[in-house]
Amino acid sequence: GKKRTVRDIIDQKGTGDKIVMLTAYDASFGRLLDRSGVEIVLVGDSLGMVLLGYESTVPVTMEEMLHHCRAVKHGVERALLVGDMPFLSYQVDKREAIANAGRFLKEAGCDAVKVEGGLEICETVAAMVRAGIPVMGHIGLTPQTAGALGGYKVQGKDGESARRLLAEAKGLAEAGVFALVLECIPDKLAGAITASIAIPTIGIGAGVQCDGQVLVSHDLLGMFEKFVPSFVKRYADLAPQIAGGINAFRDEVKSGVYPDAEHSFVMQGEVADLLKQ
Ligand code: KIV
Ligand code: NA
């Protein structure tokens, strides 16, 4: 198969061929997604909550993101690999944003970066794009600033907020993002935003009218049970299966059933003779 490019993703808009994006934090997950033909693999800063046990994505560092991006890179051959820029790695100033984004491409093998925010980051996004860095946007419920939004809530429910989201989408498209994540906004508003910009929208809790969909893989597979948003559909229920396997191993170790001969290097003859040889 051929390596997917940002241009391929842009060209998918309006073809009816929906863009599939999922998260991965390690090589084995990246490989599974890549083999299934997922178009975009996102190393999300959700790894802070899903893997590292943080309360939010706020504490996630550049080093943590790069570490996991490098791992995922080893499993991904065809999919576009996008690295999520962590909180305050792109908001301080343009130079720092470009330098940090560059690390995702140069040190971790990512094809693009994703940043959260609206009009306040458009100038920075434009500077990053001018520097040659493909950037994906992310508006609506932006987890890095969920505190300021009043929690993990649906955005764009009133006219003012809906108009602001539309303006943000247009601003970011103009700034040069190649795709835009819409998180937790009403379906028809997502449809209106999708119709108003020339680049693809990728929804999460944003209805079926987006050009693509993204979910946290651990959520759809039932592996992260701490908090499951209502828009997540469970396509597998792995946590009980994982627990079942662990419990069976524990029981067989305790009772001496494991390892049996089949799972041992069975030696012929006596150990005393071996030691004498
Ligand atoms: O961090 C993440 O996983 C994300 C996606 C859910 C869009 O930003
Ligand atoms: Na994220």
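Residues numbered from 1 in each chain as written. Chains lettered and ligands numbered in written order. Predicted model: local features only at pLDDT ≥ 70, side-chain atom pairs only at ≥ 80, totals over all residues. Heavy atoms only, no water.

1. A word on the coordination of the sodium ion (ligand 2)
So, point 1. Those protein atoms acting as donors to the sodium ion (ligand 2) are Asp45 (OD) and Asp84 (OD), and they sit at 2.3 Å. Of this pair, Asp45 sits in the loop between strand 2 (40–43) and helix 3 (47–50) while Asp84 sits in strand 3 (residues 80–84), and the two are 39 residues apart along the sequence.
So, point 2. For Asp45, a relative accessible area of 4% puts it in the buried group. (Donors = N, O, S within 2.8 Å, 3.2 Å for Na, K, Ca; no water. Helix = DSSP H or I, 4+ residues; strand = E, 2+ residues; numbered from the N terminus. Buried < 20%, exposed > 50% of the residue type's maximum accessible area, 1.4 Å probe, protein only.)

2. Examining the site of ligand 1
So, point 1. Around ligand 1, the structure places Thr23, Leu42, Gly44, Asp45, Ser46, Asp84, Lys114, His138, Ile204 and Val216.
So, point 2. Asp45 is positioned with one of its side-chain polar atoms (N or O) 3.1 Å from an oxygen atom of ligand 1.
So, point 3. Against a free-state accessible area of 260 Å², the protein chains account for coverage of 95% of ligand 1.
So, point 4. Of the pockets mapped on this structure, ligand 1 occupies the largest pocket.
So, point 5. The class makeup of the residues in the shell around ligand 1 is three nonpolar, four polar and three charged. (Near = heavy atom within 4 Å. Polar contact = N/O pair within 3.5 Å; in protein donor to acceptor, adjacent residues only side chain to side chain. Areas by Shrake-Rupley, 256 points an atom, 1.4 Å probe, with all protein chains shown as cover. 1 Å grid on protein atoms, 1.4 Å probe; cavity = no way out; pocket = protein on both sides within 12 Å on 5 of 7 lines; lining within 4 Å. Sits in = over half its atoms within 2 Å of the grid points. Nonpolar A, V, L, I, M, F, W, Y, C, P; charged D, E, K, R; others polar.)

3. Quick word on the environment of Gly30
So, point 1. Inspection of the secondary structure assignment puts Gly30 in helix 2 (residues 27–35).
So, point 2. Once residues within four sequence positions are removed from consideration, Gly30 is found in contact with Ala24, Val72, Gly75 and Val76. (Contact = heavy atoms within 4.5 Å.)

4. What to know about the layout of surface pockets
So, point 1. Considered as a void within the structure, the largest pocket measures approximately 730 Å³ in volume.
So, point 2. Together, 37 residues line the largest pocket, and Pro143, Tyr152, Glu183, Val216 and Pro229 are the ones closest to its centre.
So, point 3. For the lining of the largest pocket, the secondary-structure elements that each account for two or more residues are strand 1 (19–23), helix 3, strand 6 (179–183) and strand 8 (212–215).
So, point 4. Residues of the lining of the largest pocket, tallied by class, amount to 20 nonpolar, eight polar and nine charged.
So, point 5. Here the second largest pocket defines a volume of roughly 240 Å³.
So, point 6. Around the second largest pocket, the lining comprises 15 residues; the ones closest to its centre are Gln213, Val214, Leu215, Leu220 and Tyr235.
So, point 7. Of all the elements in the fold, those that place two or more residues in the lining of the second largest pocket are strand 1, strand 7 (201–204) and strand 8.
So, point 8. Its residues placed into classes, the lining of the second largest pocket shows ten nonpolar, four polar and one charged. (Points joined across faces, edges and corners; volume = space filled by probe spheres on them.)

5. Considering the packing of helix 6 (residues 122–130) against helix 8 (residues 159–175)
So, point 1. The geometry of helix 6 relative to helix 8 is characterised by a closest axis approach of 8 Å and an angle of 25° between their N-to-C directions. Taken together, helix 6 and helix 8 sit at an angle that is classed as roughly parallel. Crossing angle aside, the handedness with which helix 6 passes helix 8 is right-handed. Here helix 6 contributes Cys122, Val125, Ala126 and Val129 to the contact with helix 8, which in turn contributes Gly171, Leu172 and Ala175.
So, point 2. The residue makeup of the contact of helix 6 with helix 8, split by class, is six nonpolar, one polar and no charged. (Axes fitted to C-alpha atoms, helices over the stretch in contact; angles between N-to-C directions. Parallel < 35°, antiparallel > 145°, perpendicular 65-115°, else oblique. Left-handed = near helix turned anticlockwise from the far one by under 90°.)

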